[in-house]
Amino acid sequence: MAVSGGGLRVLFATSEIAPWVKTGGLGDVSAALPAALAAEGLEVRVLVPAYPALLAAFPERRPLARIEHPAGALRPALLSQPAAAGGPPLLLLESAEDYRRPGGPYQDRGGRDWTDNALRFGLLSKAAALLASTDTPLDWQPDVLHCNDWQTGLAPAYLRYRLRPRAATVMTIHNLAFQGVFEPALLAALDLPASAMAIDGVEFHGRISFLKAGLQHCDRITTVSPTYAREICEPAHGAGLDGLLRWRRERSAADLTGILNGIDTGEWNPATDASIAARYSIDTLEAKAVNRRALAGRLGIDAPPDTPILGMVSRMTLQKGTDLVLAAAEALVASGARLAVLGSGEPAMEEAWRELAAAHRGRIGVRIGFDDVLAHLVEAGADLFLMPSRFEPCGLNQMYSLAYGTPPVVHATGGLADTVVDCNASTRTAGTANGFSFTGASVPGLLAAVARAIEAWRDPPLWRELQRNGMARDWGWSTAARRYAQLYRSLRPGDA
Ligand code: ADP
């Protein structure tokens, strides 16, 4: 086994970790990447708030240290380690007042942001910084602190303004749209000096931005796909931070890199998937037909063999372009296709999908809600998969569909552009074609790409070729883990 870690110690700080606390891709990455890094020989610990789900999962914990805050309004916390956890060790940050609440990690049950999120994640950031500083209360000292999204964005700022840094810092952007922006009056409560309220500090348009603070002060920035790394340097996708990102990239090309996420191939593998009707592999693709029938039955659609089923599993939001599919749905059905849709999100979009399904019974099957088992069946049973996201840092579902022999139709942006290779004469010659993509997120663009996909679907040898190209690639985490290990090594003095 190639051990590229060389004893490197990494503290991975995150506000979510699957399967216990997950609102999106960050939760999946926080479970899978540390495990893949450990498999590469690195010594990794994961720092995460002790939410109720984690306290319930790990009733027995060993207290490690008390974390006090001599200044500001951050509450003291206890650092503990579960007695028995699979994967890399977890470090739980226990503060009952901050994290032991019903609802989600960021919002109450009614979907309203907790009003003290700045202090809750200020505490997480400060604890992460402390463990990466010379003042750490632990014997275990990391070489690298890896921060993720705005919730841990203040950590590099604490290492600049309040603590003596010992570890290098990496900041990963999983979605630039969420930035953690708060009122400037919170500066003292967060235990940051007045001098931090500056353009080269934590200030962003007169307010405090956790994400900006991290991007400004960390040693290296990464994001979850190479194309998204380029896109966020442009005003159209930069969410106001493109200037800062361009400055970092111009200072050093190594400052901002895109490393494509992997997928959990233990959970998402059609050869072993317990959630689908029939398991299959690249050599037994005919068994996919069993899943096709099961999917049609589950969603109440009639799907004769000569009508393609277009699948979609998605949050129903503008980001995901589910409105484009809504607008295209009648034309798609009129052309003879069927739709199999699973999703939840904006109430107006959910309602529009319900109405559409009622108006096209038997042709458009819709399930509103979150249903992991059905998500697997859509990936396995659909003929092709739709993912016309307006922007997509990495995206998981298109990788699942590629691994399941269900060629995707995507808008060529972010991670979608880095994983889906449009079927055309040159990609066919190169043997890389695995799906269909279009530029410009529009209904006509989507319809034209789906029309090309359906034409290809009607040509079985060509379709097999696309399916096999998608399934043959290793979509797991080991490539990404090696890239992160390389990046960490480049930051350890004497290692580069
Ligand atoms: P994002 O993190 O932006 O929502 P991704 O494609 O990166 O999008 O990941 C979405 C994850 O959530 C995938 O694992 C996907 O299967 C899952 N998912 C999204 N919506 C649903 C749903 N309604 N039911 C089941 N799983 C869903």
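Everything here concerns the structure above.
A. Layout of the packing of aromatic side chains. Evaluation of the coordinates by the stated rule reveals twelve aromatic pairs. Seen in terms of ring centroids, Tyr280 and Tyr404 are 6.5 Å apart; in terms of plane orientation they differ by 80°. Their pairing is edge-to-face. Of the two residues, Tyr280 is situated in the loop between β12 (256-258) and α9 (288-299) and Tyr404 in the loop between α13 (397-403) and β17 (408-411); the sequence distance between them amounts to 124 residues. We note that Tyr280, like Tyr404, is buried. An aromatic cluster of three or more residues is present, and its members are Tyr106, Phe121, Trp150, Phe182 and Phe210. We note Arg101 situated over the ring of Trp114; from NZ or CZ to the ring centre the distance is 4.9 Å. The positively charged end of Lys126 is found above the aromatic ring belonging to Tyr158, 5.4 Å away from the centroid.

B. Here's a closer look at the pattern of salt bridges. Summed over all chains, the structure comprises 28 salt bridges. For Arg220, the salt bridge identified is with Asp255, shortest N-O distance 3.6 Å. On the criterion of sequence distance, the pair formed by Arg220 in strand β11 (residues 220-223) and Asp255 in the loop between α8 (242-251) and β12 is long-range, its members being 35 residues apart. Asp255 matches Arg220 in its accessibility class, with the two residues each being buried. With a shortest N-O distance of 3.0 Å, Asp242 and Arg246 are connected by a salt bridge. With Asp242 and Arg246 both in helix α8 and four residues apart, the pair spans about one turn of that helix. The exposure class assigned to Asp242 is buried, which follows from its relative accessible area of 8%.

C. How the structure looks around the site of the ligand. Close to the ligand lie 19 residues, the nearest being Arg315, Lys320, Gly369, Asp371 and Leu396. Within the contact set of the ligand, an oxygen atom lies 3.0 Å away from a backbone nitrogen or oxygen of Gly25. Between the ligand and the protein, one listed contact pairs an oxygen atom with a backbone N or O atom of Leu396 at 3.0 Å. Surface burial for the ligand is 92%, taken as the share of its 560 Å² of free accessible area covered by protein chains. At the level of elements, β13 (309-316), β14 (338-345), α12 (372-381) and α13 are the ones that each hand at least two residues to the shell around the ligand. Looking at the shell around the ligand, its residues break down into seven nonpolar, seven polar and five charged.

D. Expanded view of the sheet that holds strand β8 (residues 181-182). The strand order across the open sheet formed by three strands is β8-β10-β9, and the pairing between neighbours is antiparallel. Of all strands in the sheet, those with a lone pairing partner are β8 and β9 (203-204), marking the two edges. The pairing of β9 with strand β10 (residues 207-209) spans two bridges and is antiparallel. Pairing of Phe204 across the sheet is with Arg207, part of β10.

E. Region of the structure containing the environment of Gln151. Note that Gln151 resides in the loop between β6 (144-148) and α5 (155-161). Through-space distance from the C-alpha of Gln151 to that of Ala118 is 8.6 Å; in sequence the pair is 33 residues apart. Not counting residues within four places of it along the chain, the set of residues in contact with Gln151 comprises Ser15, Tyr106, Phe121, Leu124 and Ser125.

F. Broad picture of the side chain of Ser133. Counting through the fold element by element, Ser133 comes out in the loop between α4 (117-131) and β6. For Ser133, a relative accessible area of 0% puts it in the buried group. In this structure the side chain of Ser133 is engaged in a polar contact, spanning 3.1 Å, whose partner is the backbone nitrogen of Asp135.

G. Helix α1 (residues 25-39), seen in detail. Between the first and last C-alpha of α1 there are 21 Å, a value that for 15 residues agrees with the 21 Å anticipated at 1.5 Å per step. Considered for burial, the residues of α1 that qualify are Leu26, Gly27, Val29, Ser30, Ala32, Leu33, Pro34, Ala36 and Leu37. For α1, the elements touching its buried residues are β1 (9-13), β2 (43-49), β6 and α18 (478-491). Note on α1: the residue one or two positions beyond its end, Gly41, has a positive phi of about 100°.

Parameters and conventions
- Residues numbered from 1 in each chain as written.
- Predicted model: local features only at pLDDT ≥ 70, side-chain atom pairs only at ≥ 80, totals over all residues.
- Heavy atoms only, no water.
- Phe/Tyr/Trp six-rings, centres within 6.5 Å; stacked < 30°, edge-to-face > 60°.
- Helix = DSSP H or I, 4+ residues; strand = E, 2+ residues; numbered from the N terminus.
- Buried < 20%, exposed > 50% of the residue type's maximum accessible area, 1.4 Å probe, protein only.
- Lys NZ or Arg CZ within 6 Å of the ring centre and 35° of its normal.
- Salt bridge = Lys/Arg side-chain N within 4 Å of Asp/Glu carboxyl O.
- Near = heavy atom within 4 Å.
- Polar contact = N/O pair within 3.5 Å; in protein donor to acceptor, adjacent residues only side chain to side chain.
- Areas by Shrake-Rupley, 256 points an atom, 1.4 Å probe, with all protein chains shown as cover.
- Nonpolar A, V, L, I, M, F, W, Y, C, P; charged D, E, K, R; others polar.
- Pairing = 2+ DSSP bridges.
- Contact = heavy atoms within 4.5 Å.
- Expected span 1.5 Å × (residues − 1).

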